[in-house]
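# Summary of structural features
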Amino acid sequence: MIDLDRETWLYILIIVAILAFFLWNSNRSKKIKKERKNRNFRKRYHERKREQESETL
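The text that follows walks through the structure, step by step, so that each part is easy to find.

Cut-offs used in this document
Residues numbered from 1 in each chain as written. Predicted model: local features only at pLDDT ≥ 70, side-chain atom pairs only at ≥ 80, totals over all residues. Heavy atoms only, no water. Helix = DSSP H or I, 4+ residues; strand = E, 2+ residues; numbered from the N terminus. Rg over C-alpha atoms; globule rule 2.2 N^0.38 Å. Buried < 20%, exposed > 50% of the residue type's maximum accessible area, 1.4 Å probe, protein only. Areas by Shrake-Rupley, 256 points an atom, 1.4 Å probe, with all protein chains shown as cover. Lys, Arg positive; Asp, Glu negative; His and termini not counted. Charge placed at Lys NZ, Arg CZ, Asp CG, Glu CD. Phe/Tyr/Trp six-rings, centres within 6.5 Å; stacked < 30°, edge-to-face > 60°. Patch = residues over 30% accessible without salt bridge, like charges linked within 9 Å, V, L, I, M, F, W, Y side chains within 5 Å. Salt bridge = Lys/Arg side-chain N within 4 Å of Asp/Glu carboxyl O.

Further remarks concern the overall build of the chain. The helix and strand inventory of the chain stands at one helix and zero strands. Relative to a compact globule of 57 residues, whose C-alpha radius of gyration would be 10 Å, the chain shows 24 Å and is clearly more extended. With respect to the three principal axes, the spread of C-alpha positions in the chain is 80 × 15 × 5 Å. Counting the 57 residues in the chain, one finds 0% classified as buried. Approximately 6,100 Å² of the chain is accessible, and the part contributed by carbon and sulfur atoms is 60%. Here the chain holds 15 positive side-chain charges and 8 negative ones, and the gap between their average locations is 6 Å.

Now for the packing of aromatic side chains. A complete count under the given rule lists two aromatic pairs for this structure. Centre to centre, the rings of phenylalanine 21 and phenylalanine 22 are 5.7 Å apart; their planes meet at 65 degrees, and the pair counts as edge-to-face. Exposure remark for phenylalanine 21: the relative accessible area of 43% places this residue in the partly exposed category. Seen in terms of ring centroids, phenylalanine 21 and tryptophan 24 are 6.1 Å apart; in terms of plane orientation they differ by 40 degrees. Their pairing is tilted. Taken as a pair, phenylalanine 21 and tryptophan 24 lie in helix α1 (residues 6-56) at a separation of three residues, close to a single helical turn. By way of ring pairs, the aromatic residues Phe21, Phe22 and Trp24 are connected into one cluster.

Let us look at a nonpolar patch on the surface. A cluster of nonpolar side chains, Leu10, Tyr11, Leu13, Ile14, Ile18, Phe21, Phe22 and Trp24, forms an exposed patch at the surface whose accessible area comes to about 860 Å². If you trace the backbone, phenylalanine 22 turns up in helix α1. In this structure phenylalanine 22 comes out as exposed when scored by relative accessible area, which is 52%.

If you want it as structure tokens, here you go:
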């Protein structure tokens, strides 16, 4: 097995934690962006629907 000293394990752990945070954050931001896009699409859809209903009345 690899015999590393305590300081090396600490550095490796810090690097892994930072990488995990950035991966988690990028996935989270993608989801938020996608939800915002869908929300805006639904909002525009309902606005058009209301305009069409008001024109027919």
